[in-house]
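# Tertiary structure, described
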Amino acid sequence: MRRQIPLMLCFIAGVFTAVQYFIPHPAIQDFQERFLAWLMTLLAFAFLLGTVSLIRLHWHKIRNKADDRGYSFVALAGLLVMIGFGFFHPAHHSPGSPFNTLFQNVQVPIEATMFSLLAFYIASAAFRAFRARTMEATLLLVAATIVMLGRVPLGELIHEQIPIATRWILEVPNMASKRGIMIGVGLGMMATALKIVLGIERAWMGGGD
Amino acid sequence: MYADGERSIPSESIRWAVVVVVALAALLSCPAAVCAQEEGESTEGDTLAAVTYAPPTGLTSVDTPNDRGSAITLSWEASADETTGVITSYEIYRSTHPDTGFAYAGKVPPGITVYRDSGLENDIEYYHRVAAASAETTLFFSATVGPTTAFPQWFNSNRVNVLIGVIIFVSAIVYFVTSARAGKELFIRRLAGLDELDNAVGRATEMGKPILYITGLSGISDVATIAAINILGEVAKKTAEYNTRLIVPCADPIVMAVEQEVVREAYAEVGRPEGYNEDDVFYLTRSQFAYVAGVNGIMVRQRPATILYMGMFYAESLVLAETGSSVGSIQIAGTDAVTQLPFFITSCDYTLIGEELYAASAYLSREPVLLGGLKGQDTVKFIVGVLLIVGFIVATLAATNVIPADFMAPLYVTG
């Protein structure tokens, strides 16, 4: 029963979701909307689950005197301070409130810093990818050089055909391969969903029969 | 009286006469339709207009097909004067009586001759009229049409083609799964990234370092995440066998709960339930770059021997993969995010591209039924490929006028 009930629920929910796509009648559509509302309610409770997991993990690290427990102190302190300001300060979202000030001046700049690292990583990844050691890598190097030049005014200054070649590379071979991947992805998604709904794929339950 | 004996008119009387004449003229020139429209009810303005334009003709009204009711679709033929530019819009009026009580329902610009009157009550009879509005805001009404009743449908006939596709797809999957169950041998091509998984787990065991498994930022409703969880189950069985630590930082609490269960079950299945540590499958954060910071911190501190990226990834993919590369981990990625694939291909040792992510679970488990599903999927892909070639040929022939341009129109997806 421990496995049969989740499988049955999965089958009913999966079949209903598929069938409602073909039935516009409000009796079905209204139920589907309610169904999605339940999901939102479930998500709200799930965040509580996540917070408990976070506290538990870092508490264990501190209690077990793990080498990196300093980070756990910072994580728990940050969590408690933000929860405190969020719960006990009236209008915590308004500008100037401690919650908002901390969010705008600590969280946002840190995230922006992480995002800005992307530029440096793109440079290092490009350096590695563009080493012309194989036929494929050479092709990639040539295509990337043309596309990069075609995207800036310098490309047109060098040769008027470069922007045209760029557009062709992006719209013909690049688009064709992207669409090929996307068709495969679409079918893969459907097949996976179908196997789960029919109970053929059970790895999400931990495998087994 | 004037001196010459003629009868004189007092100036006061002249002023009053002028006022009366002007008032009458103003009253007559006021379009009755406009006056009535201001009161919220339509009227036969065309009879009072100084200039008469042709009203819309051939008005029809039907219940809007393939909807949840509450809507009637009107269509008409344009006013004969539309081409001269004097018609500024078509206004739609609705009533529950054929002769009276017509209220404004909406308008469309010239050139549009269809209107979907929505927000109606089901099973109530409605009458409609459409008026051509001129630049002078005079209305020229069509004949009244109706009664028409809005009602909901139980089947969206616009989606018949989708239904046929789904039936073919489901049939192919079920057929090959049944064949596999009957013992038929099914071939599956090699996936280098998954073949390397055993070596990657073995390497981690030899080095005494953990394996880091990342399922991306998507929630449980994303099929890519579910595929990643399926692979996690197989990976967890291997780490349980080798007694290697498996770290799974999660960005979604529901995904975390499912992954905890999957890993626990996998450890139990290989007979090592005591090897499962709940603190190794944990929630990190929902915030994209806070998650990146957290995972990168784990990479730098723990220096995992192997990192697996499976699921849906966004801009964080390259930051994660480059950090993993810098700490010397073997990296295997699998995603259906087309825009992130080049980053993973560049930074990882092996990459599962698109649908390979969905095939991975079957590939690793080698369960005949799952392989049957893959075969069915491939069959449908073949059919789609054939249809694409046929579509390409038909489109080319239509573009060169060898066949009519709307040759394939009945097959177009409209819903």
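None of these values were measured; they are calculated from a predicted model.

### Some thoughts on the packing of helix 10 (residues 356-365) of chain B against helix 11 (residues 368-399) of chain B
Residue and element names in this part refer to chain B. Taken N-terminus to C-terminus, the directions of helix 10 and helix 11 make an angle of 145 degrees; their axes are 8 Å apart at the nearest point. Classified by chirality, the crossing of helix 11 by helix 10 is left-handed. On helix 11, the residues touching Ala359, Ser361, Ala362 and Ser365 of helix 10 are Leu370, Leu371, Gly373 and Leu374.

### Quick look at the sheet that holds strand 11 (residues 281-283) of chain B
Residues and elements named next belong to chain B. Pairing within the open sheet is parallel, and its six strands lie in the order 11-10-9-12-13-14. Sheet topology places strand 11 and strand 14 (350-353) at the edges, where each strand pairs with a single neighbour. Strand-to-strand twist of the sheet, defined as the mean angle between neighbouring strand axes without regard to direction, takes the value 15 degrees. Two strands pair when backbone bridges link them, and strand 9 (residues 211-216) and strand 10 (residues 246-250) are joined in this way by two bridges, in the parallel orientation. What sits directly across from Leu212, in strand 10, is Ile247. Along the sheet face, helix 7 (residues 288-302) touches strand 9 and strand 10 and points at about 160 degrees away from the line of strand 10. Helix 8 (residues 316-326) contacts strand 9, strand 12 (306-312) and strand 13 (330-335) of the sheet and is inclined by roughly 160 degrees relative to strand 13.

### A word on the interface of chain B and chain A
Taken together, the 66 residues of chain B in the interface contact 53 residues of chain A. If you tally residues by element for the side of chain B that touches chain A, the top one is helix 6 (residues 253-269) of chain B, at 11 residues. A breakdown of the residues in the side of chain B that touches chain A according to their chemical character gives 37 nonpolar, 15 polar and 14 charged.

### Side note on the sheet that holds strand 5 (residues 114-118) of chain B
Pairing between the strands of a sheet comes from backbone hydrogen bonds, and it takes one of two forms, parallel or antiparallel. Residue and element names in this part refer to chain B. Taken in spatial order, the three strands of this open sheet run 1-2-5, and their pairing is antiparallel. Pairing within the sheet leaves two strands with one partner each, and these edge strands are strand 1 (57-63) and strand 5. Strand-to-strand twist of the sheet, defined as the mean angle between neighbouring strand axes without regard to direction, takes the value 20 degrees. Pairing between strand 2 (residues 71-77) and strand 5: five bridges, direction antiparallel. The residue bridging Ile72 from the neighbouring strand is Asp117, located in strand 5.

### Observations regarding the nonpolar core
Residues and elements named next belong to chain B. Core analysis: the biggest nonpolar cluster contains 95 residues, and Tyr213, Leu232, Ala236, Val263, Leu308 and Tyr309 have the highest contact counts within it. If you tally residues by element for this core, the top one is helix 5 (residues 223-242), at 11 residues. Sequence-distant contacts of Val263, defined by excluding residues within four places in its chain, comprise Leu232, Ala236, Leu246, Val248, Tyr276 and Val281. Formed by 24 residues, the second largest nonpolar core is a distinct cluster that contains Tyr53, Tyr93, Ala131 and Ala150.

### What to know about the domain arrangement of chain B
Partitioning chain B into structural domains gives domain 1 (32-149), domain 2 (157-176 + 372-411) and domain 3 (186-366). Between domain 1 of chain B and domain 3 of chain B, the C-alpha centre-to-centre distance is 61 Å.

About the criteria used
- Residues numbered from 1 in each chain as written.
- Chains lettered and ligands numbered in written order.
- Predicted model: local features only at pLDDT ≥ 70, side-chain atom pairs only at ≥ 80, totals over all residues.
- Axes fitted to C-alpha atoms, helices over the stretch in contact; angles between N-to-C directions.
- Helix = DSSP H or I, 4+ residues; strand = E, 2+ residues; numbered from the N terminus.
- Left-handed = near helix turned anticlockwise from the far one by under 90°.
- Contact = placed C-beta atoms within 7 Å.
- Pairing = 2+ DSSP bridges.
- Nonpolar A, V, L, I, M, F, W, Y, C, P; charged D, E, K, R; others polar.
- Core = buried A, V, L, I, M, F, W, Y, C linked by C-beta atoms within 7 Å.
- Buried ≥ 20, exposed ≤ 12 C-beta atoms within 10 Å, placed from the backbone.
- Domains from an automatic or database assignment.

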